[in-house]
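Letter by letter, the chains look like this.
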Amino acid sequence: MESMMTDASTETPRKTLVIACGALAREFLAVKQANGWDHLEITCLPAIWHNYPQKIPDGVRRKIRANRASYDEILVLYGDCGSGGILDEVLKEEGVERIDGPHCYSFFAGAEVFDKMQDDEIGTFYLTDFLVRHFDRFVIKGLKLDKHPQLLPMYFGNYKRVMFLVQVPDKTLEKKAHAAAARLGLPLEIHYTGLGGIEAFMKPRAAAG
């Protein structure tokens with residue numbers, strides 16, 4: 001009698017798309033590789049949208065609608081990122097979940113640790129691995145300080161320190177972070193976060209694959 005049992009090896013793997021900020025692509029891929037989550041794929045929106053958060057909600061919506069038919073599940077790797085709650089409204093309408101937190105600084109450091117950093121010194125300017133790598137583009141040129149250096153006190157006069165949230169320890173990046181802080185005229189502190197925030201968000205969802 002022919003067996004009616006389904007061979008699990010012939011089942012089509014579940015496909016999940018992660019819509020992410022371009023500033024998180026390297027970190028997501030590191031977590032994916034470390035855990036062997038081959039069924040997860042990523043598509044990114046421009047990291048420069050950190051400077052234009054009003055673009056994020058519609059950009060995410062377009063990505064969701066363009067890809068919904070091709071995937072079993074879609075997840076979003078974005079904090080609110082300055083959208084003022086509009087991103088969450090879009091995700092509620094589209095039935096898509098995102099990582100918890102107002103921004104990547106919070107989910108990298110962990111909400112409690114980040115809140116304590118803010119309580120200890122509200123005048124903190126945060127850097128991640130990505131922002132250190134692209135400091136000139138996103139901070140100096142992004143704020144037009146390359147053309148108008150006289151604006152530096154206006155932007156950073158009320159800051160008291162720079163906090164480098166390190167995802168992957170790298171002495172070269174630490175040197176660049178010290179140089180970036182010096183350029184802003186601020187002392188640097190370093191806190192090692194790892195990639196646990198992204199992994200904690202993905203793990204229970206990736207297991208469904």
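A. Geometry of the side chain of Gln 167. For Gln 167, the location among the structural elements is in the loop between strand E6 (161-166) and helix H9 (171-184). A relative accessible area of 4% means that Gln 167 is categorised as buried. A distance of 2.7 Å separates the side chain of Gln 167 from the backbone oxygen of Leu 165, its partner in a polar contact. Residue contacts for Gln 167: discarding those within four places in its chain leaves Glu 27, Phe 108, Thr 128, Asp 129, Thr 193, Gly 194 and Leu 195.

B. Focus on the packing of aromatic side chains. In this structure the tally under the stated criterion is eight aromatic pairs. Lys 15 extends its terminal NZ or CZ atom over the ring of Tyr 71, reaching a point 4.8 Å from the ring centre. When the ring centre of Tyr 52 is taken as reference, the NZ or CZ atom of Lys 55 above it lies at 5.0 Å.

C. The arrangement of the packing of helix H2 (residues 56-67) against helix H3 (residues 86-94) in detail. The geometry of H2 relative to H3 is characterised by a closest axis approach of 8 Å and an angle of 20 degrees between their N-to-C directions. Classed by the angle they form, the pair H2 and H3 counts as roughly parallel. For the element pair H2 and H3, the recorded crossing hand is right-handed. Of the residues in H3, those in contact with Ile 56, Pro 57, Val 60, Arg 61, Ile 64 and Arg 65 of H2 are Ile 86, Leu 87, Val 90, Leu 91, Glu 93 and Glu 94. Taken together, the residues of the contact of H2 with H3 break down into eight nonpolar, no polar and four charged.

D. Seen up close, the environment of Trp 49. Tracing the chain through its elements places Trp 49 in the loop between strand E2 (40-45) and H2. In the structure, Trp 49 is positioned 28 residues away from Cys 21 in sequence and 8.3 Å away in space, judged by C-alpha atoms. When neighbours within four sequence positions are excluded, Trp 49 is seen to be in contact with Lys 55, Ile 56, Gly 59 and Arg 62.

E. Quick peek at the pairing of E6. The element E6 is extensively covered by neighbouring structure, given that six of its six residues are classed as buried. Where burial is concerned, the two faces of E6 agree: the one with Arg 161, Met 163 and Leu 165 and the one with Val 162, Phe 164 and Val 166 are both buried. With four bridges joining them, strand E5 (residues 124-127) and E6 adopt parallel strand pairing. By the bridge assignment, Tyr 126 is partnered in E6 with Met 163. When E6 meets strand E7 (residues 188-192), the two strands line up parallel, connected through five bridges. Its bridge partner being in E7, Val 166 is matched across the sheet by Tyr 192.

F. Expanded view of the sheet that holds strand E3 (residues 73-77). The strand order across the open sheet built from four strands is E2-E1-E3-E4, with neighbouring strands paired in parallel fashion. A strand with exactly one partner marks an edge of an open sheet, and here the two such strands are E2 and strand E4 (97-98). Packed on one face of the sheet, helix H10 (residues 196-206) meets strand E1 (16-21), E2, E3 and E4 and runs near 175 degrees to E3.

G. Structural view of unusual backbone geometry. Here Cys 81, not a glycine, exhibits a phi torsion of approximately 55 degrees, which is positive. Its place among the elements puts Cys 81 in the loop between E3 and H3. Relative accessible area serves as the criterion here: at 13%, Cys 81 is assigned to the buried category. The backbone phi angle of Lys 144 is positive, close to 60 degrees, even though this residue is not glycine. Relative to the elements of secondary structure, Lys 144 occurs in the loop between helix H7 (135-140) and helix H8 (152-156).

Rules and cut-offs
- Residues numbered from 1 in each chain as written.
- Predicted model: local features only at pLDDT ≥ 70, side-chain atom pairs only at ≥ 80, totals over all residues.
- Heavy atoms only, no water.
- Helix = DSSP H or I, 4+ residues; strand = E, 2+ residues; numbered from the N terminus.
- Buried < 20%, exposed > 50% of the residue type's maximum accessible area, 1.4 Å probe, protein only.
- Polar contact = N/O pair within 3.5 Å; in protein donor to acceptor, adjacent residues only side chain to side chain.
- Contact = heavy atoms within 4.5 Å.
- Phe/Tyr/Trp six-rings, centres within 6.5 Å; stacked < 30°, edge-to-face > 60°.
- Lys NZ or Arg CZ within 6 Å of the ring centre and 35° of its normal.
- Axes fitted to C-alpha atoms, helices over the stretch in contact; angles between N-to-C directions.
- Parallel < 35°, antiparallel > 145°, perpendicular 65-115°, else oblique.
- Left-handed = near helix turned anticlockwise from the far one by under 90°.
- Nonpolar A, V, L, I, M, F, W, Y, C, P; charged D, E, K, R; others polar.
- Pairing = 2+ DSSP bridges.

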